[in-house]
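A look at the structure
The primary structure of each chain is shown beneath.
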Amino acid sequence: MPELRCGTRAWPVEAGSNLLDALNGAGLGVPYSCRAGHCQACLVRCTAGEPLDAQPEALTPERRAAGWRLACQCRVVDDLAVETFDPLRDGAPARVARLDWPAGRVLRLWLEPERPLRYRPGQHLLLWTAAGVARPYSLASLPGEEPWLEFHIDCSAPGAFSQAAQALQVGDELRLGALASGALRYEPEWAAQPLWLLAGGTGLAPLWALLRQALAAGHQGPLRVLHASREAHYLSEPLQALAAAHDNLQVELLRREQLDAALAVPRLQARQLRALVCGPPAFVEACSRRLYMQGVPRGQILADAFLTHAEAGQR
Ligand code: FES
């Protein structure tokens, strides 16, 4: 059996064991979310030995050369020594600049990073509290336009991070972990095409950034924002303000059960349509299926599902 080592601990594991499971089975508390190589919440650094990595391309060559691996994608095949991500040593500091509870239990959180962060709308960032609680969140801010980083945190469901977030005060320090690519993006060559942005709950966060990116880029085709929510629509005012300022922007605030009817548009220009979808898995699945059935090519539907607190690993 290979030996797995982390800090001062060493223990035997079955050959072929998933590295994330082996570490968490021993109580190391490595955070995780997607378990699919996307969110980068499960980063660990290998200091001796090499695991079998199912997705080496998920990290940049520089990161890999520094020993970083995604634990959820690795299997232990030989003796291996790893370090878990230490937010104080490996994370970048950021301070809470502003907090707002616009409606329901959604927290809009603005962080001021100590050093500017280069990112694009659609990416996720791992946030760490001072107590070592971590969770990935989509960036809702517009890079280059806003000096702070904006996140939307759904505090309606139990979760270690959302619980800690409710106690945050302006000036508190958080740590920024890995920046992950995410599936959503806006391309300037879509400027004349119809674009739908479909959000479930706080899946609106990345679409809030992407919508403003599209408008800033001078998108001329019809823009349709559809926000389905169980609770109050937390961005209704700023969305309506944007719609009032842009003739080509239509905003619809719906209950989840109204979704199917809203997507069933007669004479849909399906071949031209681009759709960006974000929300819980069931919402993303329902939207993607409905769009596909109406003739929208799969490659024109970009979808990002986030896990609920119950499904995601909490440190
Ligand atoms: S990349 Fe490993 S949990 Fe998301």
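In this numbering scheme, every chain counts its residues from 1 along its sequence in written order. The predicted origin of the model limits local features to residues at a pLDDT of at least 70 and limits the giving and counting of side-chain atom pairs to 80 or more, whereas totals for whole chains, interfaces and linings rest on all residues. Side-chain descriptors were evaluated using all non-hydrogen atoms of the structure, hydrogens and water having been removed beforehand.

1. A closer look at the sheet that holds strand 15 (residues 195–200)
Two strands qualify as a pair provided that DSSP identifies no fewer than 2 bridges between them. Secondary structure elements are taken from DSSP: a helix is a run of H or I of four residues or more, a strand is a run of E of two residues or more, and numbering for both begins at the N terminus. The five strands lie next to each other as 17-16-15-18-19, forming an open sheet whose pairing is parallel. Every other strand in the sheet has two partners, leaving strand 17 (249–254) and strand 19 (301–305) as the edge strands with one partner each. Here the strands of the sheet are splayed against their neighbours by 10 degrees on average, with no regard to which way each runs. On the sheet, helix 5 (residues 204–216) packs against strand 15, strand 16 (223–228), strand 17 and strand 18 (274–279) and is oriented at approximately 160 degrees with respect to strand 15. Working rule for contacts: check all heavy atoms of both residues, and any pair within 4.5 Å makes them a contact. Here an axis means a line fitted to C-alpha atoms, over the contact stretch when the element is a helix, while the angle between two N-to-C directions is reported on a 0 to 180 degree scale. Strands strand 16 and strand 17 of the sheet are contacted by helix 6 (residues 236–245), whose axis makes an angle of about 155 degrees with strand 17.

2. Things to note about the pattern of salt bridges
In the sections that follow, a salt bridge refers to a side-chain nitrogen of Lys or Arg positioned within 4 Å of a carboxyl oxygen of Asp or Glu. Under the counting rule described, the total for this entry stands at 16 salt bridges. A salt bridge links Arg175 to Glu173; its shortest N-O distance comes to 3.0 Å. Think of it in three bands: with a 1.4 Å probe and only protein chains considered, a residue is buried below 20% of the maximum accessible area for its type, exposed above 50%, and partly exposed in between. Since its relative accessible area comes to 15%, Arg175 is described here as buried. Glu285 serves as the salt-bridge partner of Arg289, at 3.4 Å between the closest nitrogen and oxygen. A residue pair is termed a helical-turn pair when its members lie 3 or 4 positions apart in one helix, as Arg289 and Glu285 do in helix 8 (residues 281–293) at four residues. Under the relative-accessibility criterion, Arg289 is labelled partly exposed at 45%. For Glu285, a relative accessible area of 46% gives the class partly exposed. Connected through shared salt-bridge partners, Arg45, Glu83, Arg89 and Asp90 make up one network.

3. With respect to unusual backbone geometry
Positive phi is not limited to glycine here, since Arg35 has a value of about 55 degrees. With respect to the helices and strands, Arg35 occurs in the loop between helix 1 (19–25) and strand 4 (43–48). One non-glycine residue, Gln40, lies in positive phi territory at about 65 degrees.

4. So, the domain arrangement of the protein chain
Interface size is commonly expressed as the accessible area that is lost once the parts come together. Along its sequence, the protein chain is carved into domain 1 (3–85), domain 2 (88–181) and domain 3 (188–311). A domain assignment, automatic or from a database, supplies the domain bounds used here. Summarising the inter-unit geometry, the C-alpha centres of domain 1 and domain 3 are found 36 Å apart.

5. Remarks on the nonpolar core
In this text, buried Ala, Val, Leu, Ile, Met, Phe, Trp, Tyr and Cys residues form a nonpolar core when linked through side-chain atoms within 4.5 Å. Judged by nonpolar contacts, the single largest core of 32 residues is most densely connected at Leu4, Trp11, Leu19 and Leu23. Within the residue set of this core, elements represented by two or more residues are strand 1 (3–6), helix 1, strand 4, strand 6 (68–70), strand 7 (74–76), strand 8 (80–84) and strand 11 (124–128). No other element matches helix 1, which puts four residues into this core. Two domains each put at least three residues into this core: domain 1 (3–85) and domain 2 (88–181). Val106, Leu207, Leu215 and Leu239 belong to the second-largest nonpolar core, a separate cluster that totals 30 residues.

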